[in-house]
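# Breakdown of the fold
Chain by chain, the residues:
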Amino acid sequence: MVTRASQTRTPAKPRVQLPQATTVGQLAELLGQSPISLIKHLMKAGVMATVNQVVDYDTARRLAQEFGFTVVVPKQPEKSAVAAATARRAAVAVAEEPAAALKPRPPVVTIMGHVDHGKTSLLDAIRRSKITATEAGEITQHIGAYQVNVDNHPITFIDTPGHEAFTAMRARGAQITDVAILVVAADDGVMPQTVEALDHIKAAQVPLIVAMNKIDKPGADLDRIKRQLGELGLVLEEWGGEVLSVPVSAKTQQGIPQLLESILLVAELGDLKANPDRLAQGVVLEASLDKSRGPVGTVLIQAGTLRVGDPIVAGEASGKVKAMFNDLGKPMRRASPSSPVLVMGLNGLPQAGDLFASATSDKVARTLAEGRAQKRAQAQAAGAVTLDRLAAQIRSGEVKELNLILKTDVQGSIEPIRNSLVRLEAEDVKLRLLHAASGTVTESDVMLAVASKAIVVGFNTRPEPGARRLAEAEGVDIRLYDVIYHLVEDVEKAMKGLVEPVTAEVVEGHAQVRAVFDSSRLGRVAGCYVTDGKVIRGARVRVVRRGQVVGDSNVVSLRHVKEDVREIGTGAECGVGVEGYNDFQVGDVIEVYRRQRAPQA
Ligand code: GDP
């Protein structure tokens, strides 16, 4: 009552909650003002803005206060979400262990980000910041990971930066990263691969820290990074979110200690543990054939302790640990959880991402290795994720989530497709758009699809040759569309568990346009070289320019040295006329394809 009385005397200021980044127009709406009055206020403060201009949180807050609002900060899920993510993953690794056997283990960190933003430099800088001059001389080789010690708290860094390697590991079932560092160069800001890396990190549900690198450079602009990340839905701690960000310079080493502290902080929230007193278990990070030492592999120990003399199995190779070395080339007698070690003594070469384990006897190790080879063959046969198969699994209630990766011709196609897809969300089936970007379908997209059991859908785009091969090998479904409606319709059917495999596309071949001729009969004809497969008269083709589809029609004329031919194979030259298409350019690729009913799941 007292409160009410006092409220009547001094009316409370209206309260408003602001997004991290907003346009002037949206802000005007939130504050119930006209955009013009906001623009005038901004002009007074020396900022020339338009209605569609994005303003950052601080500016928006100032404006709101000027208009008499109290700005409220939403209650944060605090660290809980990060902690939960880390703990969830940690729990997977230790599920079968009795709680009393678990001991804290160091975090394992992977660095990701756009090319040239300083991932490698940062890895080097961190390593240099923590080793003594005498040790520096001892570094003989890069073994795929290294460990630094921060006030008696070790941190393991995976030495292959980039989300491609990270996701390739995941695709093989190895989730090794506890904390991801997203590097963004402060002079460049958020770039396409920053967004891609972020999507890969999110898909893996790994907690992340943003390292704003190159702050020594004159053009460094930290606010821009924060704003851009805000626009991507990543809210940094200082703006009320839960993601830590640290300004650093790999060049001057400024900020490196803070970055290391942040890693330890995030790791602590995850309560990372493993049982050191059991047979060793881990993942192969890399392996190679050494002329004098035979097959050598770097293994990240995830649980247990590995000792010299232990019988081991790595992928489909087995053996006995003859010797082990750390990242400084120092011989080791034992390796505990989260340590990377170079292991000698395998009888074959495992692959990165293969599971590693020590065994009670040589015989057990050998049998395990043989069993794995069989299992792999079975998994390969059963592993394919196709839209039809998912539909069947949704129908039977086995799967409750449809993961998609969307690639489009241009950025502008993403929003309309995203909006149509979002509307499809059903009560019992979730739709997760793991990554949406413009451009061709890349190997990295396919890897993400494998790792997250996702389908790749392309709109007016196509897979790169490497991506197509990988998709075939891994059994990933890449569905290509040139009409948004068809794309959405297929996804909707899958979500309802109804998809009858519409059609699958079979690519017959590719020809490269090397010259363009005028033809009185056909308009223009492309002089081509068949790079693979074959070109068939009457077949469906699409004309692809720098990864984008610029035409889609049929081959109406096919000639080889002035002769009309029905089809023509790899390595031959030919003249191709495409119905209704006259716009060839040298360098275009003509992709010949046909549609066929896909096999049932
Ligand atoms: P990556 O492709 O992300 O691994 O990037 P690199 O580590 O190869 O770095 C790309 C370029 O940026 C190199 O020329 C580095 O010397 C430079 N670079 C990296 N970090 C910094 C930094 O903090 N400051 C400055 N001035 N240059 C940097």
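Reference entry: report on the structure contained in this document. What you are looking at is a predicted structure, and each value in this text was computed from that prediction instead of being measured.

## A short note on the overall build of the protein chain
- Summing up its helical and strand segments, the protein chain has 17 helices and 33 strands in all.
- Per-residue burial over the protein chain gives 50% buried out of 601 residues.
- Partitioning the contacts of the protein chain with sequence separation of at least 6, the portion at a separation of at least 24 is 72%.
- For the protein chain, the exposed surface amounts to about 28600 Å²; the carbon and sulfur share of it is 51%.

## Digging into the pairing of strand β25 (residues 478-481)
- Pairing between strand β24 (residues 454-459) and β25: four bridges, direction parallel. Residue pairing for β25: Val457 is matched across the bridge by Arg479.
- In this fold, β24 hands off to helix α16 (residues 465-474), which returns the chain to β25; that crossover is right-handed.

## Considerations on the site of the ligand
- The full set close to the ligand counts 15 residues, and Asp116, Lys119, Thr120, Ser121 and Asp216 are the nearest of them.
- Ser249 has a polar side-chain atom sitting 3.3 Å from an oxygen atom of the ligand.
- Compared with its free state, where it exposes 580 Å², the ligand has 71% of that area covered by protein.
- The leading source of residues in the shell around the ligand is helix α6 (residues 119-130), at three residues.
- When its residues are assigned to classes, the shell around the ligand shows two nonpolar, seven polar and six charged.

## Structural notes on the sheet that holds β24
- In spatial order, the strands read β23-β22-β24-β25; together these four strands make up an open sheet with parallel pairing. On the outer flanks of this sheet lie β23 (430-438) and β25, each paired with one strand and no other. The mean inter-strand angle of the sheet, taken between neighbouring strand axes irrespective of direction, is 25°.
- As judged from the six bridges shared by strand β22 (residues 401-408) and β24, these two strands associate in the parallel manner.

## A look at the pattern of salt bridges
- Tallied over the full model, the rule gives 23 salt bridges.
- For Asp327, the salt bridge goes to Arg127, with nearest N and O atoms at 2.9 Å. Separated by 200 residues along the polypeptide, Asp327 in the loop between β17 (317-325) and β18 (331-332) and Arg127 in helix α6 bring together distant segments of the chain.
- By relative accessible area, which is 11% here, Arg127 ends up buried.

## Quick word on the pairing of strand β14 (residues 294-303)
- Counting buried positions over the ten residues of β14 gives nine, a clear majority of the element.
- As paired elements, strand β13 (residues 281-290) and β14 share nine bridges and run antiparallel to each other. Bridged to Asp290 within β14 is Gly294.
- The hairpin turn running from β13 into β14, its antiparallel successor, is three residues long.
- Judged from the five bridges that link them, β14 and strand β20 (residues 340-346) form a sheet pairing that is antiparallel. Directly across from Val299, in β20, lies its bridge partner Val341.

## Structural notes on the sheet that holds strand β8 (residues 153-158)
- Pairing in this open sheet of six strands is mixed, and the strands run β7-β8-β6-β9-β10-β11 from one edge to the other. Two strands in the sheet have a free side with no partner beyond their single neighbour: β7 (145-150) and β11 (244-247). Strand-to-strand twist of the sheet, defined as the mean angle between neighbouring strand axes without regard to direction, takes the value 30°.
- Examined bridge by bridge, β7 and β8 share six bridges and lie antiparallel to one another.

## Quick notes on helix α15 (residues 443-452)
- Among the ten residues that make up α15, nine are buried, leaving the element largely enclosed by the rest of the structure.
- Those residues of α15 not exposed but buried are Ser444, Asp445, Val446, Met447, Leu448, Ala449, Val450, Ala451 and Ser452.

## Focus on the packing of aromatic side chains
- A full pass over the atoms with the stated rule returns two aromatic pairs.
- With 5.2 Å between their ring centres and 70° between their planes, Tyr581 and Phe584 make a pair best called edge-to-face. For the pair formed by Tyr581 and Phe584, the shared burial category is buried.
- We note Arg293 situated over the ring of Phe325; from NZ or CZ to the ring centre the distance is 5.4 Å.

## Things to note about the packing of helix α8 (residues 163-171) against helix α9 (residues 192-204)
- For the pair α8 and α9, the least separation of the axes is 10 Å and the interaxial angle reads 25°. Relative to α9, the element α8 is oriented roughly parallel. With respect to the hand of their crossing, α8 and α9 are arranged in left-handed fashion. The residues of α9 that touch α8, namely those facing His163, Phe166, Thr167 and Arg170, are Gln193, Glu196, Ala197, His200, Ile201, Ala203 and Ala204.
- Residues of the contact of α8 with α9, tallied by class, amount to five nonpolar, four polar and two charged.

## Considerations on the side chain of Asp477
- By the secondary structure assignment, Asp477 is in the loop between α16 and β25.
- Residue Asp477 is classed as buried on the basis of its relative accessible area of 14%.
- Reaching out from Asp477, the side chain makes a polar contact with the side chain of Arg479 at a distance of 3.3 Å.

Cut-offs used in this document
- Residues numbered from 1 in each chain as written.
- Predicted model: local features only at pLDDT ≥ 70, side-chain atom pairs only at ≥ 80, totals over all residues.
- Heavy atoms only, no water.
- Helix = DSSP H or I, 4+ residues; strand = E, 2+ residues; numbered from the N terminus.
- Buried < 20%, exposed > 50% of the residue type's maximum accessible area, 1.4 Å probe, protein only.
- Contact = heavy atoms within 4.5 Å.
- Areas by Shrake-Rupley, 256 points an atom, 1.4 Å probe, with all protein chains shown as cover.
- Pairing = 2+ DSSP bridges.
- Right-handed = clockwise from strand over helix to strand, strands pointing away.
- Near = heavy atom within 4 Å.
- Polar contact = N/O pair within 3.5 Å; in protein donor to acceptor, adjacent residues only side chain to side chain.
- Nonpolar A, V, L, I, M, F, W, Y, C, P; charged D, E, K, R; others polar.
- Axes fitted to C-alpha atoms, helices over the stretch in contact; angles between N-to-C directions.
- Salt bridge = Lys/Arg side-chain N within 4 Å of Asp/Glu carboxyl O.
- Phe/Tyr/Trp six-rings, centres within 6.5 Å; stacked < 30°, edge-to-face > 60°.
- Lys NZ or Arg CZ within 6 Å of the ring centre and 35° of its normal.
- Parallel < 35°, antiparallel > 145°, perpendicular 65-115°, else oblique.
- Left-handed = near helix turned anticlockwise from the far one by under 90°.

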